[in-house]
Amino acid sequence: GYCKFNNGEAFANYRAPEEFAARNLDEQIDVFSFGNNLYGMMTGLWNFYDTDDDDKVQTKIIDGEIPFIDPRYRERSLADRTLVDLMKRCWVYDPAERISIFEAVDILKKAVEDNRKEEAVREKE
C-alpha cells in the first residue's frame, strides 16, 4: 500500500485540504495536486492567482474553495471540457470521495481515444 505520512500544517498553493490538518495522509493529496497542475497547464495561471498571500490561499483551500475556471473552457473543445471535469474531480474536498489517480489516467486515455475518433471524422469531411 501507499506510505502513510503526516505533513502537519503547511503553507503552499498546491496543498490538499487534508494536509492542513494534523492527520495521516495518503496518495489522494497527490491527486488534488494533479488537479492543480492540470489547471496551471490549461490556464497558464497559478491556482488562486488573485492573491500572493499564503494565509488567504490556505483559508480558501480549507474552506473548500476551488480555483476559478472560466466557463468558456467547457465550450472550446472535448479536450478542454474533459480537463475541466477532471480537475473538479481531483479537487473533491473529501479524499475518500476524490477520484483515484488510476481513474484519472483512464479518463485521460479515453479522452485521447475520443479525440482521435473526432479527428478521423473531421478528416473524412
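(A) Here's a closer look at the packing of helix 1 (residues 28-43) against helix 4 (residues 78-90). Two elements in contact, helix 1 and helix 4, have axes separated by 8 Å at closest approach and are oriented at 150°. The angle between helix 1 and helix 4 falls in the class roughly antiparallel. With respect to the hand of their crossing, helix 1 and helix 4 are arranged in left-handed fashion. Of the residues in helix 4, those in contact with Val31, Phe32, Phe34, Gly35, Leu38, Tyr39 and Met42 of helix 1 are Asp80, Leu83, Val84, Leu86, Met87 and Cys90. Taken together, the residues of the contact of helix 1 with helix 4 sort by class into 11 nonpolar, 1 polar and 1 charged.

(B) Seen up close, the pattern of salt bridges. Under the definition given, this model contains 9 salt bridges. A salt bridge links Arg74 to Asp85, with the nearest nitrogen and oxygen atoms 2.4 Å apart. Of this pair, Arg74 sits in helix 3 (residues 73-76) while Asp85 sits in helix 4, and the two are 11 residues apart along the sequence. Overall, Asp85 belongs to the partly exposed group, its relative accessible area being 33%. Taking the shortest distance from any N to any O, the salt bridge between Arg76 and Asp80 comes out at 2.9 Å. Owing to a relative accessible area of 11%, Asp80 belongs among the buried residues under this scheme. Each of Asp50, Lys60 and Glu65 takes part in one network of salt bridges that share partners.

(C) Representation of helix 4. Spanning 13 residues, helix 4 covers 18 Å between terminal C-alpha atoms, matching the ideal 18 Å at 1.5 Å per step. Taken together, the buried positions of helix 4 are Leu78, Asp80, Thr82, Val84, Leu86, Met87 and Cys90. Contact partners of the buried residues in helix 4: helix 1, helix 3 and helix 5 (101-124).

(D) The arrangement of a negative patch on the surface in detail. A cluster of like negative charges, contributed by Asp52, Asp53, Asp54 and Asp55, occupies part of the molecular surface. With respect to the helices and strands, Asp54 occurs in helix 2 (residues 54-62).

(E) Spatial organisation of a nonpolar patch on the surface. There is a patch of nonpolar side chains on the surface, built from Leu45, Trp46, Tyr49 and Phe68 and spanning about 470 Å² of accessible area. Here Phe68 shows up in the loop between helix 2 and helix 3.

(F) Spotlight on the side chain of Thr43. Secondary-structure assignment places Thr43 in helix 1. At a separation of 2.8 Å, a polar atom in the side chain of Thr43 contacts the main-chain carbonyl oxygen of Tyr39.

(G) Examining unusual backbone geometry more closely. With a phi angle near 55°, Phe48 is a residue other than glycine that sits in the positive phi range. By the secondary structure assignment, Phe48 is in the loop between helix 1 and helix 2.

Definitions and limits used
- The residue numbers shown here count from 1 along each chain, following its written sequence.
- In view of the model being predicted, local features appear only for residues whose pLDDT reaches at least 70, and side-chain atom pairs are presented and counted only at 80 or more, with totals across whole chains, interfaces and linings using the full set of residues.
- Remark: hydrogens and water are excluded; side-chain values derive from all non-hydrogen atoms of the structure.
- Here, axes are lines fitted to C-alpha atoms. For helices the fit covers the stretch in contact, and angles between N-to-C directions go from 0 to 180 degrees.
- Helix numbers and strand numbers start at the N terminus; a helix is a DSSP run of H or I with at least 4 residues, a strand a run of E with at least 2.
- When describing relative orientation, an angle under 35 degrees is termed roughly parallel and one over 145 degrees roughly antiparallel, while 65 to 115 degrees is termed roughly perpendicular and anything else oblique.
- Less than a right angle of anticlockwise turn of the near helix away from the far helix marks a crossing as left-handed, whereas a clockwise turn marks it as right-handed.
- In what follows, a contact means two residues having at least one pair of non-hydrogen atoms within 4.5 Å.
- In this classification, the charged set is Asp, Glu, Lys and Arg, the nonpolar set is Ala, Val, Leu, Ile, Met, Phe, Trp, Tyr, Cys and Pro, and all remaining amino acids, among them Gly, are polar.
- Between Lys or Arg on one side and Asp or Glu on the other, a salt bridge is scored when a side-chain nitrogen of the former is within 4 Å of a carboxyl oxygen of the latter.
- Working definition: with a 1.4 Å probe on protein chains only, accessible area under 20% of the residue-type maximum means buried, over 50% means exposed, and in between means partly exposed.
- In this analysis, the expected span of each helix is defined as 1.5 Å times one less than the number of residues it contains.
- Patch criteria: residues need more than 30% relative accessible area and no salt bridge. Like-charged residues are merged within 9 Å; nonpolar side chains of Val, Leu, Ile, Met, Phe, Trp and Tyr are merged within 5 Å.
- Methods summary: accessible areas were calculated by the Shrake-Rupley approach with a probe of 1.4 Å, and residue burial reflects only the protein chains presented.
- Neither His nor the chain ends is counted toward charge; the positive residues are Lys and Arg and the negative residues Asp and Glu.
- In this description, the location of a charge corresponds to atom NZ of lysine, CZ of arginine, CG of aspartate or CD of glutamate.
- Pairs of N or O atoms within 3.5 Å make up the polar contacts considered here, provided that, within protein, one atom can donate a hydrogen while the other can accept it, and that residues adjacent in sequence are counted only when both atoms are side-chain atoms.

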